[in-house]
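What follows is the residue order along each chain.
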Amino acid sequence: QGMDLRLNLLVAALRSEVDLSFTDPFFLDRDLTAGFDAFRTSRDLQDESSFDTETIGGALRLGYPITENMAQGWKYTLRRQKITDIADDASRLIREEEGTQTLSEISHTLSYDTRNSRLTPSKGFVIRLTNDVAGLGGTNQYFRNRLKGAKYFPLSDQWIFTVKGSAGQIIGLDQDVRLLDRFFVGGDDLRGFATSGIGPRDRDTEDALGGEWMYTASAEITFPLGLPAELGVTGKLFSDMGSSGDVNPTGPEVADTGSVRASVGAGVIWASPFGPVGIDLGIPLLSEDFDEEENFRVSFGARF
């Protein structure tokens, strides 16, 4: 396997991205994977939080196997992120964040993966722990931990039961956690709710503020629909749950309960030539009156 150079371009109404990525799978003729990324991203978050962002930066990566299934990775990221075009009626806590921030972050990842496929797994499990420290230069200082895992159970031919979970916490180091560093939950990771649909929110402006902790869990069963196999279309039933909370500084206008949200739903998965495409219909069962719900959602790519 040789060196890999990729240029990813995305131009959409709510997000545009240019990402140049280079990877050497045998760096220094050793069992080391090394590479770099250079990126520029613009996001329209007016619907969720009444602002836009512009981000430019780069990263250096190094990874290596520890055992057949366990791997360790390190990454250094330097990026400049700017909060712009804040709406006149945006939350006070968002207007106070307007301007440019610089992030200098070191990340460590430890993973254990026994899946039989990364795109369409049917058995095995994967668990991944990521630790991030920001503050060696830059304006943002924090310590963040994230844990994700998934287990796949083959029930019979093309019937697969999957359980997934994630959790995260971020702690500010001698400062409050900044808006763009918080966790925003909802959408692909909690179906039945909109992107950033749960967690702390300004009651008056309905802007999502993000939380300093989060968790999600999901149970899903996929099954054949009786269609020709070459179409690559399967069905699924799912149940999701999760929550997010804590935002500092806070105020009387902030809605933040930390309560459990839950949903059930059904959908289909199409194994397209460009990767998995999911169409989901989710129905919230547990929610707060300030949450943003979304019953129909289309997702792209494999996620765990």
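The rules we used
- Residues numbered from 1 in each chain as written.
- Predicted model: local features only at pLDDT ≥ 70, side-chain atom pairs only at ≥ 80, totals over all residues.
- Heavy atoms only, no water.
- Helix = DSSP H or I, 4+ residues; strand = E, 2+ residues; numbered from the N terminus.
- Rg over C-alpha atoms; globule rule 2.2 N^0.38 Å.
- Buried < 20%, exposed > 50% of the residue type's maximum accessible area, 1.4 Å probe, protein only.
- Contact = heavy atoms within 4.5 Å.
- Areas by Shrake-Rupley, 256 points an atom, 1.4 Å probe, with all protein chains shown as cover.
- Pairing = 2+ DSSP bridges.
- Salt bridge = Lys/Arg side-chain N within 4 Å of Asp/Glu carboxyl O.
- Polar contact = N/O pair within 3.5 Å; in protein donor to acceptor, adjacent residues only side chain to side chain.
- Core = buried A, V, L, I, M, F, W, Y, C linked by side-chain atoms within 4.5 Å.

## Observations concerning the overall build of the chain
Point 1. A count of helical and extended segments in the chain gives 2 helices and 18 strands.
Point 2. Whereas a compact globule of 304 residues would reach a radius of gyration of roughly 19 Å, the chain reaches 20 Å, a difference of no more than 12%.
Point 3. Across its three principal axes, the chain shows a C-alpha extent of roughly 55 × 50 × 30 Å.
Point 4. Counting every position in the chain, which comprises 304 residues, the buried fraction comes to 40%.
Point 5. In the chain, of all internal contacts separated by at least 6 residues, the share reaching a separation of at least 24 is 57%.
Point 6. When the accessible area of the chain is evaluated, it comes to approximately 16,100 Å², of which 56% is carbon and sulfur surface.

## Section: the pairing of strand 16 (residues 275-286)
Point 1. As paired elements, strand 15 (residues 261-272) and strand 16 share 11 bridges and run antiparallel to each other. Bridge assignment links alanine 266 to a residue of strand 16, and that residue is leucine 281.
Point 2. Between strand 15 and the antiparallel strand that follows it, strand 16, lie 2 residues.
Point 3. Bridging between strand 16 and strand 18 (residues 296-300) involves 5 bridges; their strand directions are antiparallel. Among the inter-strand pairings, aspartate 280 is bridged to a residue of strand 18, identified as arginine 297.

## What about the pattern of salt bridges?
Point 1. As enumerated under the stated definition, the model contains 18 salt bridges in all.
Point 2. Here arginine 144 ties to glutamate 105 by a salt bridge, and the two come within 2.9 Å at their closest N and O atoms. Taken as a pair, arginine 144 in strand 8 (residues 142-156) and glutamate 105 in strand 6 (residues 99-113) lie far apart in primary sequence, 39 residues in all. Comparing arginine 144 with glutamate 105, the two get one shared label, buried.
Point 3. Aspartate 132 is the salt-bridge partner of arginine 146, the closest N and O atoms lying 2.6 Å from each other. Here arginine 146 is found in strand 8, whereas its partner aspartate 132 is found in strand 7 (residues 124-138), with 14 residues between them in sequence.
Point 4. Here the salt bridges share partners, and the residues they tie into one network are Glu105, Asp132, Arg144 and Arg146.

## Section: unusual backbone geometry
Point 1. Here the bond from asparagine 248 into proline 249 is cis, since omega is 0 degrees, no more than 30 degrees from zero.
Point 2. As for its placement among the helices and strands, proline 249 is situated in the loop between strand 13 (233-245) and strand 14 (254-255).
Point 3. We note that serine 196 has phi near 60 degrees; this positive angle belongs to a residue other than glycine.
Point 4. Along the polypeptide, serine 196 turns up in the loop between strand 10 (192-193) and strand 11 (201-202).

## Comments concerning the side chain of glutamine 72
Point 1. Position of glutamine 72 relative to the elements: it lies in strand 5 (residues 70-84).
Point 2. A polar atom in the side chain of glutamine 72 sits 2.8 Å from the side chain of tyrosine 64.
Point 3. Reaching out from glutamine 72, the side chain makes a polar contact with the side chain of histidine 108 at a distance of 2.8 Å.
Point 4. Apart from residues no more than four positions distant in its own chain, glutamine 72 is found in contact with Leu62, Gly63, Tyr64, Ile66, His108, Thr109 and Leu110.

## Quick look at the nonpolar core
In summary, soluble globular proteins display a tendency toward joint burial of nonpolar side chains.
Point 1. Judged by nonpolar contacts, Leu45, Phe51, Ile83, Ile86, Ala87, Ala90, Leu93, Ile94, Leu179, Leu209, Val247 and Val254 together constitute the single largest core of 12 residues.
Point 2. Apart from the residues within four sequence positions on either side, leucine 179 is in contact with Phe51, Ile83, Ile94, Glu97, Phe184 and Leu209.
Point 3. Listed in part, the 11 residues of the second largest apolar core include Ile170, Val177, Ile198 and Met214.

## Focus on the pairing of strand 4 (residues 51-65)
Point 1. Where strand 3 (residues 33-45) lies against strand 4, 13 bridges are found, and the strand directions are antiparallel. Across the sheet, arginine 40 pairs through a bridge with isoleucine 56, a residue of strand 4.
Point 2. One ladder, built from 14 bridges, connects strand 4 with strand 5; its direction is antiparallel. Its bridge partner lying in strand 5, arginine 61 is registered against lysine 75.
Point 3. Between the end of strand 4 and the start of strand 5, which pair antiparallel, lie 4 residues.

## Brief notes about the environment of aspartate 291
Point 1. Looking at where aspartate 291 falls in the secondary structure, it is placed in the loop between strand 16 and strand 17 (293-294).
Point 2. Overall, the relative accessible area of 8% leaves aspartate 291 in the buried class.
Point 3. Taking the C-alpha atoms as reference points, aspartate 291 and arginine 261, 30 residues apart in sequence, are found 9.4 Å from one another.
Point 4. Only 2.9 Å separates the side chain of aspartate 291 from the side chain of arginine 261, close enough to count as a polar contact.
Point 5. Separated by 2.8 Å, the side chain of aspartate 291 and the backbone nitrogen of glutamate 288 make a polar contact.

Bear in mind that shape data such as this cannot, by itself, settle questions of function.
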